[in-house]
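What follows is each chain in one-letter form.
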Amino acid sequence: MLLVVIYHVFVGRVSGGVDIFLLISAFFMTLSFVRKIESGRPLAIGRYWLHTFKRLLPLATVVILVTVGLLTEFPESSVAQFRWEALASVFYVENWALAASSVDYYAADHSTASPFQHFWSLSVQGQVFLLWPLIFGFAWWVRRRTRISSVPVLAVCFGLIFAASIAYSVVTTETQQAFAYFDTRARLWEFALGSLIALAIPYLNPPRIVRIILGWVGIVSMVSVGVLVDVQGAFPGWIALWPLLSAAAIIVAGNTGSPFGFDRFLSWWPVVKLGDAAYALYLVHWPLLITYLVIRDRPMAGWRSGIVLVVLSVVLAIIITHKVENPIRRWQWPELSQRRSGAVIAVCVATVVVPTVLWMQTESVRAQRLVDNAYRNNPGAVALEPGFNFRGDPGAPALPLPEDLPANDAWIGESCPGDIALDPAYANACHEFVPNDSPDKTVLLVGNSHTQHWLPALEPMAETNNWRVIIYSQLGCFYTVAEEQPAESCKGWLNGADQAVDVIDPDLMFVQGTFTSVNGEQSKPGFEQRMRELDALGIPVVGIRDVPRFPGPLANCAIDKGTDHPDCYRGHAMLGTPDPQRALAAELPHFESMDMTDLVCPDQQCRPTVGNVYVYFDDDHLSEMYAHTLAPEFTRRAEQALSAAGVQL
C-alpha cells in the first residue's frame, strides 16, 4: 500500500501494488478456508461474509462520508457523478461504475479524477469475498462425499479460473483496455494465482540461500515495475504477472532467519505497525491527494507537498486504525449473533446512503424548478434573434446546471426496428430518432458524435414535416473513406454505411460536412468522394459545417469565473472564414452546405453561454439544451439548403 501511495503522489502513475493487494487477499483467505476444510470444521460461509464486511465497512464508511463532505470543494460539473460513486463504493460496485464511464466516449472530457476512484479495487475484492467462499464450499462438499483432500479440488478450480480469466483479460485488455482495467472478470486470475500460491506454499521449501535471493529479487522487481511499465495502460493483461510473481517470490522466500534476508526489513516493528494500518492508508490517501489537487488546481503534487501528503496520510491512517478499526474489530457485541453483525453492516450502508440520497433528491427538486422556468430564464440561441428582449430573472443560473453538463449529450433514439434489416455487424450503429409509421419522408443522418449533437435541433423540423429520422453513427469515425478512419473499428462501420443507405433508401440525408481540430478546420478528400457517390444516386444531402473544438471544456472557466468573464471567451481559426463546402455545393446539384457557426460562436467569439444556456457540454459537443434552442433557425436554414438541393417540403 505504501508503494501505491508513493506512486500515486510522486509519480502520477499506477505501481502494480493494487494487483499485489488482490493476490495477497486471496492468499490469506485460501489458507484460512483450507485449514477449516482439512480440519473438518464447518465453513460457516454466511458468518464469514457478515464478519468480513462488518470488519471492512466501518472504516470505509467514515472515509466515504468525509469524502462526500469534501465534494463541496470539487467542480460542480463533477459532483453529481461523484455522489453516485459514493453509493457505488459503499455497495462495492465502484469498479463497474468506473468501467461504464471509462468506455463512455465523452468521459475523456472530464478533467477531475474521482475521489472515490480507489474504491474500484476494494469493490473487486468485495465481490471476490462473496464468490470465493462458494468455491471453498464446493471443495468442502466434495471432501465430505469422497474423502478427497480439498487441495487438488481447489487447485483444479482455481487453475480453471486462472486460465479462463487471464485469457479473457488479455483479449479484453487488447480491445477495451479502459474497461478491462476495472472489470472483475479480467481480475479474477490475480486472485486465483494468490489462491494457487497458498495451496502450493506448504510443498515449497527451497534452500535458505535461494529464499534470500528470492526475497531481494522480488522486492527490486516489485518496486521497478511501475517505473518501467505503463501499468494503467497495459494492465490487467499478461504483463500484470510481473508484480504478482514478484510478490510470489517474497511469499515463497518467507522467513529466512538471515540478517541479510529482506524478511528482516519486513519484520522491523515500524513496518509491521504500518502494515497494521495498510487498509486505512489505502482508504485515506487518494481522497486526500485528489482534494488537494482540486483545491490547488494542480495536475500533480510537488515534492514538498507530496511529502506532506504522504506523512499526513500515514498519520491519519494510524489514527483511524487505532480509534475506529481496532475498537470495532475488538467489539464483541456484533459477534454474538449474525443478526447483530448484519445490523452493523446495515447501519454503515445507511449512514452513507441516507444523506447522499437526500442531497441528490434536494438537488433534483432544485434542478426541476429551474428547468420549469427555463422558457423565461434560459432562452439560449433565441436570445440572438433581432429585437430579442430578455424578460427573465437576471439572477437565474445558466443551464444545464454544471453538475448535469457532463450528461447533456444528445439522445440518439432507440435501436432501429426490424423493418431496417442491416447485417448484425452493423445493426448496433443504427438508431431510430423520430419513429413514424407513415412518414412523408425518411431522413438519414450518417456520421459521428458531431452529427448526433444536431438531433435536438432537427427533431421539431422532423415532427412538423412528418419525417421519420434514422441515424447511422459511430463515435469518433468519419463518413469519408477507409484510409481516413482514425480506428480499425471505423472501417467496419464505414462498410455498413453503404448498406444503411441501400436498405433505408432515404429521401434526404444530413452529414457532417467539415472536420475541425483545436487548431483549425479541414475538408477531407474522402468526404468529397462520398458526396459525389450520393449525388450520382440522386439522394439530396445537406452537409452541416463542424463546430470549433477546444483543448478543454469552455464551461469550466465560466463555472470558476462567471459566464461573462472575458477570460472565458475563445477564438478559433475557423471563425470568420467561409464554409469550405461551398465549392462542392456549387458543383453538385443534390448537395448543399449548411453553416450554423454564427449561432454557436456569435460575433466570432465562442462564449461559454448564449442566452443563459451552456453552448457546449464538453470541449467540442453542443449541449442538448442549446441544440434544442437552435431548432427555429436550424429549420429555416435547413429548408433553404434542402430547397437548393431540389427537395420540396
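Residues numbered from 1 in each chain as written. Predicted model: local features only at pLDDT ≥ 70, side-chain atom pairs only at ≥ 80, totals over all residues. Heavy atoms only, no water.

A. Molecular detail of the overall build of the protein. Counting secondary structure elements, the protein contains 27 helices and eleven strands. Taking the principal axes of its C-alpha atoms as reference, the protein extends roughly 85 × 55 × 45 Å. Scored against the burial criterion, the 649 residues of the protein give a buried share of 54%. In the protein, once contacts between residues fewer than 6 apart in sequence are set aside, the share between residues at least 24 apart is 78%. Surface summary for the protein: the accessible area is close to 29100 Å², and the carbon and sulfur share equals 60%. Counting 44 positive and 59 negative side-chain charges, the protein places the averaged centre of each group 20 Å from the other. (Helix = DSSP H or I, 4+ residues; strand = E, 2+ residues; numbered from the N terminus. Buried < 20%, exposed > 50% of the residue type's maximum accessible area, 1.4 Å probe, protein only. Contact = heavy atoms within 4.5 Å. Areas by Shrake-Rupley, 256 points an atom, 1.4 Å probe, with all protein chains shown as cover. Lys, Arg positive; Asp, Glu negative; His and termini not counted. Charge placed at Lys NZ, Arg CZ, Asp CG, Glu CD.)

B. Representation of the environment of glycine 40 in the model. Checked against the element boundaries, glycine 40 lands in the loop between helix 2 (17-39) and helix 3 (45-70). Placed 103 residues apart in sequence, glycine 40 and arginine 143 show a C-alpha to C-alpha distance of 9.4 Å.

C. A look at the pattern of salt bridges. Scanning all chains against the criterion turns up 22 salt bridges. Residue arginine 185 is joined to aspartate 183 by a salt bridge in which the shortest nitrogen-to-oxygen separation is 3.0 Å. A residue is classified by how much of its surface remains accessible, and arginine 185, at 43% relative accessible area, is partly exposed. (Salt bridge = Lys/Arg side-chain N within 4 Å of Asp/Glu carboxyl O.)

D. The arrangement of unusual backbone geometry in detail. The omega angle of the peptide bond from leucine 399 to proline 400 is -5°, so this bond is cis rather than trans. Take proline 400: it is sitting in the loop between helix 17 (374-377) and strand 1 (414-415). We note that alanine 44 has phi near 50°; this positive angle belongs to a residue other than glycine. Among the residues examined, alanine 44 registers a relative accessible area of 39% and is labelled partly exposed. Residue aspartate 297 is not a glycine yet carries a positive backbone phi of 55°. Take aspartate 297: it is sitting in the loop between helix 14 (278-296) and helix 15 (303-330). Relative accessible area serves as the criterion here: at 69%, aspartate 297 is assigned to the exposed category.

E. Representation of empty space enclosed by the protein. Scanning the entire structure with this criterion turns up one cavity of 30 Å³ or more. Each pocket or cavity is described by its volume, and for the largest cavity that value is around 40 Å³. Forming the boundary of the largest cavity are Arg47, Leu50, His51, Pro334, Glu335, Ser337, Gln338 and Ser341. Sorting elements by how many residues they give to the lining of the largest cavity places helix 3 first, with three residues. Looking at side-chain class alone, the lining of the largest cavity contains two nonpolar, four polar and two charged residues. (1 Å grid on protein atoms, 1.4 Å probe; cavity = no way out; pocket = protein on both sides within 12 Å on 5 of 7 lines; lining within 4 Å. Points joined across faces, edges and corners; volume = space filled by probe spheres on them. Nonpolar A, V, L, I, M, F, W, Y, C, P; charged D, E, K, R; others polar.)

F. Highlighting the state of the cysteines. Counting across every chain of the model gives four disulfides. Bridging cysteine 477 to cysteine 490, the disulfide has an S-S length of 2.0 Å. Between cysteine 477 and cysteine 490, the disulfide has an S-S torsion of -80° and is therefore left-handed. Here the residue cysteine 477 occupies a position in the loop between strand 4 (467-473) and helix 21 (488-504), and cysteine 490 occupies one in helix 21, the gap between them amounting to 13 residues. As far as the burial class goes, cysteine 477 and cysteine 490 line up, both buried. A sulfur-sulfur distance of 1.9 Å marks the disulfide that ties cysteine 601 to cysteine 606. (Disulfide = S-S within 2.5 Å.)

G. Geometry of the sheet that holds strand 5 (residues 508-512). Taking strand neighbours across the sheet as the criterion, the seven strands line up as 1-2-4-3-5-8-9 in an open arrangement whose pairing is mixed. Unpaired on one side and paired on the other, strand 1 and strand 9 (591-594) mark the two borders of the sheet. As paired elements, strand 5 and strand 8 (residues 541-544) share four bridges and run parallel to each other. For phenylalanine 510, the partnering residue across the bridge sits in strand 8 and is valine 542. Where helix 21 meets the sheet, it contacts strand 3 (441-447), strand 4 and strand 5, and its direction lies at approximately 175° from that of strand 3. Of the strands in this sheet, strand 4, strand 5, strand 8 and strand 9 touch helix 27 (residues 631-644), which is tilted by about 155° from strand 9. (Pairing = 2+ DSSP bridges. Axes fitted to C-alpha atoms, helices over the stretch in contact; angles between N-to-C directions.)

H. Region of the structure containing the packing of helix 9 (residues 208-228) against helix 11 (residues 241-253). Packing of helix 9 against helix 11 brings their axes to within 7 Å, and their N-to-C directions diverge by 155°. Comparing their axes, helix 11 and helix 9 come out roughly antiparallel. The hand of the helix 9/helix 11 crossing is left-handed. Counted together, Arg211, Leu214, Gly215, Gly218, Ile219, Ser221, Met222, Ser224, Val225 and Leu228 of helix 9 and Trp242, Pro243, Ser246, Ala247, Ala249, Ile250, Val252 and Ala253 of helix 11 form the full contact between these two elements. By residue class, the composition of the contact of helix 9 with helix 11 is twelve nonpolar, five polar and one charged. (Parallel < 35°, antiparallel > 145°, perpendicular 65-115°, else oblique. Left-handed = near helix turned anticlockwise from the far one by under 90°.)

I. Spotlight on a nonpolar patch on the surface. A cluster of nonpolar side chains, namely Ile209, Val210, Ile213 and Val217, defines an oily patch on the protein surface of about 340 Å² accessible area. If you trace the backbone, valine 217 turns up in helix 9. (Patch = residues over 30% accessible without salt bridge, like charges linked within 9 Å, V, L, I, M, F, W, Y side chains within 5 Å.)

J. Representation of the environment of glutamate 363 within the structure. Relative to the helices and strands, glutamate 363 is located in helix 16 (residues 338-372). By relative accessible area, glutamate 363 is classed as buried at 15%. In contact with glutamate 363, not counting residues within four places along its chain, are Arg83 and Glu403.

K. How the structure looks around helix 15. Taking 1.5 Å of rise per residue, the 28 residues of helix 15 would be expected to cover 40 Å, and the 38 Å separating its terminal C-alpha atoms lies within 8% of that figure. The sharpest bend along helix 15 measures roughly 40° and falls at threonine 321. All buried positions along helix 15 are accounted for by Ser305, Gly306, Leu309, Val310, Ser313, Val314, Ala317, Ile320, Thr321 and Glu325. Contacts from the buried residues of helix 15 go to helix 1 (2-11), helix 3, helix 13 (269-276) and helix 14. (Expected span 1.5 Å × (residues − 1). Bend = angle between axes of the 7 residues up to and from the residue.)

L. Expanded view of helix 27. Over its 14 residues, helix 27 extends 20 Å from the first C-alpha to the last, a length consistent with the 20 Å expected when each residue adds 1.5 Å. Just downstream of helix 27 lies glycine 646, where phi reads positive at about 90°.

M. Geometry of the nonpolar core. Grouped together as the largest cluster of nonpolar side chains are 102 residues, with contacts concentrated most on Trp132 and Phe136. Sequence-distant contacts of phenylalanine 136, that is, excluding residues within four places in its chain, are made with Met29, Thr30, Phe33, Ile37, Leu43, Leu154 and Phe158. Membership of the second largest hydrophobic core comes to 48 residues, among which are Leu445, Ala457, Val610 and Val615. (Core = buried A, V, L, I, M, F, W, Y, C linked by side-chain atoms within 4.5 Å.)

N. Inspection of the packing of aromatic side chains at higher detail. Taken as a whole, this structure holds 27 aromatic pairs when the rule is applied. Ring geometry for phenylalanine 53 against tyrosine 92: centres 5.2 Å apart, planes inclined by 75°, an arrangement best described as edge-to-face. Of this pair, phenylalanine 53 sits in helix 3 while tyrosine 92 sits in the loop between helix 4 (76-90) and helix 5 (94-102), placing them 39 residues apart in sequence. Each member of the pair phenylalanine 53 and tyrosine 92 is classed as buried. Ring geometry for tryptophan 331 versus tryptophan 333: centroids 5.6 Å apart, planes at 20°, classification stacked. In textbook terms, an aromatic cluster arises when at least three aromatic residues are bridged by ring pairs, as seen for Phe33, Tyr48, Trp132, Phe136, Phe158 and Phe191. Residue placement shows lysine 36 over the ring face of phenylalanine 33; its charged tip is 5.3 Å from the ring centre. Lying across the ring of phenylalanine 515, lysine 524 places its NZ or CZ 5.5 Å from the centre. (Phe/Tyr/Trp six-rings, centres within 6.5 Å; stacked < 30°, edge-to-face > 60°. Lys NZ or Arg CZ within 6 Å of the ring centre and 35° of its normal.)

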